[in-house]
Number of protein chains: 2
Amino acid sequence: MATLKDVARLAGVSVKTVSNVVNGYSFVKPDNRRRVEEALEATGYRPNLGARNLRRGRTGSIALVLPELSIPYFAELTGLVIAAAQEHEWNVLIEQTFGTLSGERSALASLGPHLVDAAILSPEALHVDDFQLSVPSVLLGEHAVDVPISRVGIDNVAAARVAVRHLISLGRKRIAAIGAHPHRGTAALRLEGYRSALEEAGLPFLDELVVPALNYHRADGAAAMKSLLDLRNPPDAVFCFNDLLAIGAMRAAAERFVRVPADLAVVGFDNNEESVYSSPSLTSVAPDKGSIARAAVDLLHRQTESPALEHVETPFSLLVRESTVAR
Amino acid sequence: MATLKDVARLAGVSVKTVSNVVNGYSFVKPDNRRRVEEALEATGYRPNLGARNLRRGRTGSIALVLPELSIPYFAELTGLVIAAAQEHEWNVLIEQTFGTLSGERSALASLGPHLVDAAILSPEALHVDDFQLSVPSVLLGEHAVDVPISRVGIDNVAAARVAVRHLISLGRKRIAAIGAHPHRGTAALRLEGYRSALEEAGLPFLDELVVPALNYHRADGAAAMKSLLDLRNPPDAVFCFNDLLAIGAMRAAAERFVRVPADLAVVGFDNNEESVYSSPSLTSVAPDKGSIARAAVDLLHRQTESPALEHVETPFSLLVRESTVAR
DNA sequence: TTTCGTCTTTACATCGTTGGAACAACGATG
DNA sequence: CATCGTTGTTCCAACGATGTAAAGACGAAA
């Protein structure tokens, strides 16, 4: 590995002059600049980022704290965050919490200026007093807990309302919701959107049609759907708080020979790639993940220069597919 | 941020003594050790990893070079690699190539001792002469190209054979294969397993039943399946070289009202979580991803201490689901 | 010619950590 | 009591980079 010293010796100048060339400092004599550039080329010099960051007092990394990479939404988002972070010369350290309180607490505890310059958090279980952060941070998604931390995400209430309105427009009357959760902020907001859409259409809000889900995995969706199908009067539509729940729900429906969308219309949330190819394909609320990733990273970049509190609302759309075609 | 210096001042000892305590050096007087530990506790000292790695001449990171995080197989694997790397105090830097030659080349070029201590590679398009690696590396999966680099993966020929034998055991006679690829090593091996299983059953190997796929995404599987269904004499079973292809194939079959498994049995490869919940659920070859991740990371760890060339074969199994129940 | 100001380069210290050598303290040995 | 080996501690240099300050070069103005 060539260092600045090696390059300097070869070019016959001081280490600092090489450093100046590498960093694009203007006042270098054309002649020296040329010699240094040749030496850089000849040695194949690459800066040692550890050393550079040590000197500059930064780590060169940001943390991305999320439940689990095997959840498609987070996998897709992670890819986009990595791409966005690259623009600011940041590495992304991924920390999986598996959606547990202890996992999230220990992830947060391990953060800190010695490890990362900033952090993107997607917590599910944290309480208000857990947020004693030592680096600039952004929360993904809205949360019930009101903490003074920047946020990036869509308007969950509006998005849920759009989804449910769509079901109503199909003429469905008994619309269920899967994914209620006692402590999860986003769940509360989506539930609120669901409630308000029913209300504006003059449909009753029925407790029996709102099914909680402790996790948001396919298995939870299947279990919830089964309980709905066991009702004396089952729903004719269901709004699931994410696509995995919806996939699970459709699977459970298929097992009971309930036809989607004829007997049951289904809407999901997140627009996973998987949902385009399921049979039937799944109507879903599609947040613009690229915008989310870019907004989060850019916001962090700004915050590392000067502290600020910002909330960014990113766009979303409803993609209508087979699971909600008119009967 | 507390440094060793701060701790040393507080404890009334030299910096090196603190360092010795932190690093578990034995010969420290009990009394000093206690004072240092109290000071560590009081200051909340965390080592500056950048500085430590600089001094130790390592980077503290390994690279994981893969096509795309949004491919479930790689998302799941990445989570496991991160967990395994943590055991060796390694961060994982993820590099996406999108399966293109240029992407893989630039990823490889950007690697190097200044960035990472080692690398896990999952290349798809690289040629032999591209492998001029400057850090210890492991290839995931088997490859046709014969390069002196360690490998971790399952026996693809055997795995494919097991999958196709299973289809044969159902009494299927016209078994297609989706996923052939001119330059992809694993594709060649799976095709070989397919061929040999047909041969041992006395079934003919028919060119028209072997469909190439340039990418291994759901869309490619759907397109391939459509072409198979357009044949004068379509297949009664299909072996797909990964689950995404199989999901796409099943989707295409559904669009043509071809019933799976009654008219068409389908087997996939990778055992994505998604495949458990599709309708019908998908029979799939399940590599032990945990073993792969652990073996790869451990192997790299050994290689950073002393160079070595090892090939590790990890276990797999065939998980039979609805897409191949007997008719 | 001297002085001044602008460009250009260099020496040096520093970021936080650890390896190595030097040194100090100590009881044990002869 | 001198010597020795073991144990414990400190000092110094170094990892590779960059910020700072100071010095050097050079032409223009006085």
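Reading guide: rules and limits
- Residues numbered from 1 in each chain as written.
- Chains lettered and ligands numbered in written order.
- Predicted model: local features only at pLDDT ≥ 70, side-chain atom pairs only at ≥ 80, totals over all residues.
- Heavy atoms only, no water.
- Helix = DSSP H or I, 4+ residues; strand = E, 2+ residues; numbered from the N terminus.
- Buried < 20%, exposed > 50% of the residue type's maximum accessible area, 1.4 Å probe, protein only.
- Contact = heavy atoms within 4.5 Å.
- 1 Å grid on protein atoms, 1.4 Å probe; cavity = no way out; pocket = protein on both sides within 12 Å on 5 of 7 lines; lining within 4 Å.
- Points joined across faces, edges and corners; volume = space filled by probe spheres on them.
- Nonpolar A, V, L, I, M, F, W, Y, C, P; charged D, E, K, R; others polar.
- Domains from an automatic or database assignment.
- Buried area = accessible area lost by both parts, 1.4 Å probe.
- Salt bridge = Lys/Arg side-chain N within 4 Å of Asp/Glu carboxyl O.
- Polar contact = N/O pair within 3.5 Å; in protein donor to acceptor, adjacent residues only side chain to side chain.
- Pairing = 2+ DSSP bridges.
- Axes fitted to C-alpha atoms, helices over the stretch in contact; angles between N-to-C directions.
- Least-squares fit on C-alpha atoms with pLDDT ≥ 70 in both.
- Parallel < 35°, antiparallel > 145°, perpendicular 65-115°, else oblique.
- Left-handed = near helix turned anticlockwise from the far one by under 90°.
- Near = heavy atom within 4 Å.

Our next topic: the overall build of chain A. Counting its regular elements, chain A contains 12 helices and 12 strands. For chain A, the C-alpha atoms occupy an extent of roughly 85 × 40 × 30 Å along the three principal directions. Of all 327 residues assigned to chain A, the portion counted as buried reaches 56%. If you take every contact in chain A between residues at least 6 apart in sequence, the share linking residues at least 24 apart comes to 70%.

With that settled, the discussion passes to empty space enclosed by the protein. Per the stated rule, a full pass over the model turns up 4 cavities of 30 Å³ or more. The calculated volume of the largest cavity comes to roughly 140 Å³. For the largest cavity, the lining is made up of 18 residues, of which Ser-70 and Pro-72 of chain A together with Ser-70, Pro-72 and Arg-218 of chain B are closest to its centre. Elements with a contribution of two residues or more to the lining of the largest cavity: α5 (72-87) of chain A together with α5 (72-87) of chain B. In this model, the second largest cavity occupies a volume close to 40 Å³. If you trace the second largest cavity, you find it lined by Lys-173, Arg-174, Ile-175, Tyr-194, Leu-198, Pro-204, Leu-206 and Leu-209 of chain A. The residue makeup of the lining of the second largest cavity, split by class, is 6 nonpolar, no polar and 2 charged.

Domain parsing of chain A yields domain 1 (4-47), domain 2 (59-154 + 289-315) and domain 3 (156-286 + 318-324). Here domain 1 of chain A and domain 3 of chain A have C-alpha centroids that lie 62 Å from each other.

Turning our eyes to something else, we now look at the interface of chain A and chain B. At the interface, 39 residues of chain A touch 39 residues of chain B. In this assembly, chain A packs against chain B so that about 3,100 Å² is buried in total across both faces, 64% of it on carbon and sulfur atoms. When the buried surface of chain A facing chain B is broken down by residue, His-114, Arg-251 and Tyr-277 of chain A rank first, second and third, together holding 24% of it. Taken together, the links from chain A to chain B amount to 4 salt bridges. Measuring nitrogen to oxygen at the nearest pair gives 2.3 Å for the salt bridge that ties Glu-322 of chain B to Arg-251 of chain A. Remark: the boundary between chain A and chain B carries 8 residue pairs in polar contact (both at pLDDT 80 or more). Sorting the residues of the side of chain A that touches chain B by element identifies α4 (49-56), α5, β2 (91-96), α9 (218-229), α10 (243-255) and α11 (274-277) of chain A as the ones contributing at least two each.

Take the environment of Asn-23 of chain B next. Residues and elements named next belong to chain B. Here Asn-23 lies in the loop between α2 (15-22) and α3 (30-43). By relative accessible area, which is 42% here, Asn-23 ends up partly exposed. Leaving out residues up to four positions away in the same chain, Asn-23 has contacts with Arg-52 and Arg-56.

Residues and elements named next belong to chain A. What the 6 strands build is an open sheet, ordered β2-β1-β3-β4-β5-β11; its pairing is parallel. In the strand order of this sheet, the two ends are held by β2 and β11 (311-313), each with one partner. With direction set aside, neighbouring strand axes in the sheet form an average angle of 20°. With 4 bridges connecting them, strand β1 (residues 61-66) and strand β3 (residues 118-121) associate as parallel partners. When the sheet's bridge partners are listed, Val-65 is paired in β3 with Leu-121. Packing against the sheet, α5 makes contact with β1, β2, β3 and β4 (137-140), and its axis sits at approximately 170° to β1.

What follows is about the relation of the copies chain A and chain B. The two chain copies are connected by a rotation around an axis plus a translation along it. When chain A is brought onto chain B, the operation consists of a screw motion whose angular component is 180° and whose axial shift is 0.0 Å, with 0.1 Å RMSD remaining. The two molecules are tied by a two-fold rotation axis, judged by turn and shift. Here 100% of the interface residues in chain A have copies in chain B that are interface residues too; the copies meet face to matching face.

The next thing to look at is the packing of helix α1 (residues 4-11) of chain B against α3 of chain B. All names here are of chain B. Contact pair α1 / α3: the axes reach a minimum separation of 9 Å and the direction vectors enclose 125°. With respect to α3, the element α1 is oriented oblique. Here α1 and α3 pass one another in a crossing that is right-handed. Contact with α1, carried on its side by Val-7, Leu-10 and Ala-11, involves Arg-35, Val-36, Ala-39, Leu-40, Ala-42 and Thr-43 of α3 and no other residues of that element. Partitioning the contact of α1 with α3 into residue classes produces 7 nonpolar, 1 polar and 1 charged.

Right, let's talk about the sheet that holds strand β6 (residues 175-180) of chain B for a bit. All names here are of chain B. With respect to topology, 6 strands assemble into an open sheet ordered β7-β6-β8-β9-β10-β12, the strand pairing being mixed. Edge strands, defined here as strands with exactly one partner in the open sheet, are β7 (210-212) and β12 (316-319). Going across the sheet, the axis of each strand differs from the next one's by a mean of 15°, ignoring polarity. In the packing of helix α9 (residues 218-229) onto the sheet, contacts are made with β6, β7 and β8 (237-240), and the angle to β6 comes to roughly 145°.

Residue and element names in this part refer to chain A. Taken N-terminus to C-terminus, the directions of helix α2 (residues 15-22) and helix α3 (residues 30-43) make an angle of 85°; their axes are 10 Å apart at the nearest point. Judged by the inter-axis angle, α2 sits roughly perpendicular to α3. For the pair α2 and α3, contact is made by Val-18, Val-21 and Val-22 and by Arg-33, Val-36, Glu-37 and Leu-40, respectively. Grouping the amino acids of the contact of α2 with α3 by side-chain chemistry returns 5 nonpolar, no polar and 2 charged.

Looking now at the protein's contact with DNA strand D. As a structural note, the neighbourhood of DNA strand D is formed by 25 residues, with Leu-4, Tyr-45 and Arg-55 of chain A together with Thr-17 and Asn-32 of chain B the closest of them. The share of sugar and phosphate among atoms of DNA strand D within 4 Å of the protein is 66%. Arg-55 of chain A is positioned with one of its side-chain polar atoms (N or O) 2.6 Å from a base oxygen of DNA strand D. Between DNA strand D and Lys-29 of chain B, the relevant distance is 3.0 Å, taken from a phosphate oxygen to a main-chain nitrogen or oxygen of the residue. Among the elements of the structure, α2 and α4 of chain A together with α2 and α4 (49-56) of chain B are those that each provide at least two residues to the surface near DNA strand D.

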